[in-house]
Amino acid sequence: MANFENQDIVIAPLPTIKYDKLLAQDSTEITRLVDVCKSLGFFYLDFNLSAAHSLVNNSNDVLGVMNEYFHQPIEVKMKDVRGTVTHGYCPVGRYAGAKKGERDCYETLKISEAEMKDRSPHLPVTVHNNVELFGEFISGSHSALITVLQCLSKGMGLTGDDCFENKHRSGVPARTTMVLFRYPRQVEEGKGIGHNVHTDIGSLTLLYCQDWGLQLLSPETNEWGFVKPQPGHAIINVGDSLRFLSGHQLRSCVHRVIPLTGRQETDRYSIAYFMRTEDKSVFVDSKGRRLSALAWHDEKYNVFRQPHEDQERDAVLTGGMEKHGSLILV
Ligand SMILES: O=C(O)CCC(=O)C(=O)O
Ligand SMILES: [Fe+2]
């Protein structure tokens, strides 16, 4: 328990994996990585002492651009709406929120990895104007996550086509995207709050965030705990697709975003890189169905949009990991 402004809060005990040790193929660190991904599915990735440390500095520059972007009038931001869930702007309130009966309270700008690689003319103007910053951020985050996948494959004794990295080949269509989030100040009851309980759709998520709010449901205690922001570290979590690709050995941890102080009293910013499995890759999901990564992605987004009552009828939202606030331990 930690005291935050006279409030006792539970802190999630997240282990730390050192990126420089993964790069050096340190076998003890690889074993730790596999163990963490099998038990909790969430960890800090320490970029200190590694060449990837520049990613952390870049994330501060990205935060500066986000601040400017999200403070524009809504009419300007709406010009970046692209009608997909992987590209462009999305206003607040499009999905169910972190409390029953309330919608979400975050807006996003999404930059698809494929469009960035092609320097597509469809990229938002803000991204064009900062193309080097975003380009480096996406390629750096991507290669850090490929390293994590390679280490997981090695640690789990996978070979050839079964290796996780071989389901994430460069240039092969996938829903991989970088997402800039702002949770704007919103203190009125019933007007939207946070980010609903869920597991992530894709393979691995890399998150940069120095603001409180991210909470995990512990598979050990079945209790919510806040993730403490750690400078110099990213937060990595396993998503449903990697869990399914691993034959359900790895765990996608249930999480949400909720203000520490009851309502969102100041703007919260986070930057996520969602690595997704190749669209055509096939796995067996939590309901025993054989389906493609693209089909799982599209189905889960449909569930995100539904009201809480409909979401509760099905376990897709939390990847079959949770029902009515309790974890289903497999
Ligand atoms: O904003 C955050 O800190 C996390 C967002 C998240 O969990 C997600 O979009 O999957
Ligand atoms: Fe998430």
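Residues numbered from 1 in each chain as written. Chains lettered and ligands numbered in written order. Predicted model: local features only at pLDDT ≥ 70, side-chain atom pairs only at ≥ 80, totals over all residues. Heavy atoms only, no water.

A. Expanded view of the coordination of the iron ion (ligand 2). Those donors, H198 (NE2), D200 (OD) and H255 (NE2), are the protein atoms that reach the iron ion (ligand 2), and they lie 2.1 Å from it. Read N to C, the donor residues that coordinate the iron ion (ligand 2) are spaced as H-x1-D-x54-H. Linking D200 in the loop between strand 8 (195–198) and strand 9 (204–208) with H255 in strand 13 (residues 255–257), this pair joins segments that are 55 residues apart in sequence. D200 sits in the buried class, given a relative accessible area of 4%. Under the relative-accessibility criterion, H255 is labelled buried at 4%. (Donors = N, O, S within 2.8 Å, 3.2 Å for Na, K, Ca; no water. Helix = DSSP H or I, 4+ residues; strand = E, 2+ residues; numbered from the N terminus. Buried < 20%, exposed > 50% of the residue type's maximum accessible area, 1.4 Å probe, protein only.)

B. Quick look at the site of ligand 1. The full set of residues close to ligand 1 is F181, Y183, H195, H198, D200, L207, H255, V257, R268, S270 and F274. H198 places a side-chain nitrogen or oxygen 2.9 Å from an oxygen atom of ligand 1. Taking D200, its side chain carries an N or O atom lying 3.0 Å from an oxygen atom of ligand 1. Expressed as a share of its isolated accessible area of 300 Å², the protein-covered part of ligand 1 is 93%. Cavity membership is defined here by more than half of the atoms lying within 2 Å of grid points; on that basis ligand 1 lies in the largest cavity. Mapped by element, the contributors of at least two residues to the shell around ligand 1 are strand 7 (177–183), strand 8, strand 13 and strand 14 (268–275). Examining the composition of the shell around ligand 1, we find that three residues originate from one element, strand 14, more than from any other. Taken together, the residues that form the shell around ligand 1 break down as five nonpolar, four polar and two charged. (Near = heavy atom within 4 Å. Polar contact = N/O pair within 3.5 Å; in protein donor to acceptor, adjacent residues only side chain to side chain. Areas by Shrake-Rupley, 256 points an atom, 1.4 Å probe, with all protein chains shown as cover. 1 Å grid on protein atoms, 1.4 Å probe; cavity = no way out; pocket = protein on both sides within 12 Å on 5 of 7 lines; lining within 4 Å. Sits in = over half its atoms within 2 Å of the grid points. Nonpolar A, V, L, I, M, F, W, Y, C, P; charged D, E, K, R; others polar.)

C. Seen up close, the packing of helix 2 (residues 27–39) against helix 7 (residues 131–155). Between helix 2 and helix 7, whose axes approach to 9 Å, the crossing angle comes to 95 degrees. Viewed along their axes, helix 2 and helix 7 adopt a mutual orientation that is roughly perpendicular. In this structure, helix 2 contributes I30, L33, V34 and C37 to the contact, and helix 7 contributes V148, C151, L152, K154 and G155. Of the residues contributing to the contact of helix 2 with helix 7, the split by class is seven nonpolar, one polar and one charged. (Axes fitted to C-alpha atoms, helices over the stretch in contact; angles between N-to-C directions. Parallel < 35°, antiparallel > 145°, perpendicular 65-115°, else oblique. Contact = heavy atoms within 4.5 Å.)

D. Summary view of the nonpolar core. Counting 91 residues, the largest nonpolar core has F47, M178 and L180 as its most contacted members. With eleven residues, helix 7 is the single largest residue contributor to this core. M178 has contacts with V62, L109, K110, I111, F134, F137, I138, I271, A272 and Y273, leaving out every residue within four places of it along the chain. Formed by six residues, the second largest nonpolar core is a distinct cluster that contains A98, F226, I258 and L260. (Core = buried A, V, L, I, M, F, W, Y, C linked by side-chain atoms within 4.5 Å.)

E. Spatial organisation of empty space enclosed by the protein. All chains considered together, the criterion is met by four cavities of 30 Å³ or more. Within this model, the largest cavity holds a volume of roughly 430 Å³. Residue lining of the largest cavity: 33 residues in total, with F181, H195, H198, D200 and F274 positioned closest to the centre. When contributions to the lining of the largest cavity are tallied by element, the ones reaching two or more residues are strand 6 (107–112), strand 7, strand 8, strand 9, strand 12 (233–238), strand 13, strand 14 and helix 9 (293–305). Looking at the lining of the largest cavity residue by residue, the classes come out as 19 nonpolar, ten polar and four charged. (Points joined across faces, edges and corners; volume = space filled by probe spheres on them.)

F. Fine view of a nonpolar patch on the surface. There is a patch of nonpolar side chains on the surface, built from I74, M78 and V81 and spanning about 220 Å² of accessible area. Checked against the element boundaries, M78 lands in helix 4 (residues 74–78). The class for M78 is partly exposed, based on a relative accessible area of 34%. (Patch = residues over 30% accessible without salt bridge, like charges linked within 9 Å, V, L, I, M, F, W, Y side chains within 5 Å. Salt bridge = Lys/Arg side-chain N within 4 Å of Asp/Glu carboxyl O.)

G. Summary view of the side chain of H168. By secondary structure assignment, the location of H168 is in the loop between helix 7 and strand 7. With relative accessibility at 7%, the residue H168 sits in the buried group. Of note is the side chain of H168, whose polar atom sits 2.6 Å from the side chain of S203. With sequence-adjacent residues up to four places away left out, H168 is seen in contact with I146, L149, S203, L245, M275, R276, T277 and E278.

H. Representation of the environment of E29. Within the fold, E29 resides in helix 2. Residue classification places E29 among the buried positions, given a relative accessible area of 4%. Sequence spacing of E29 and I17 is twelve residues, and the spatial spacing of their C-alpha atoms is 7.0 Å. Other than its neighbours up to four places away in sequence, E29 contacts T16, I17, K18, K21 and L22.

I. Inspection of the sheet that holds strand 13 at higher detail. Spatially, the four strands line up as an open sheet ordered 8-13-10-11, and their pairing is antiparallel. Pairing within the sheet leaves two strands with one partner each, and these edge strands are strand 8 and strand 11 (224–226). The average angle at which neighbouring strand axes cross in this sheet is 20 degrees, direction not considered. Summarising the sheet, strand 8 and strand 13 pair through two bridges and their orientation is antiparallel. Note on strand 13: the bridge partner recorded for H198 is H255. (Pairing = 2+ DSSP bridges.)

Remember, this is a structural readout, not a statement about activity or role.
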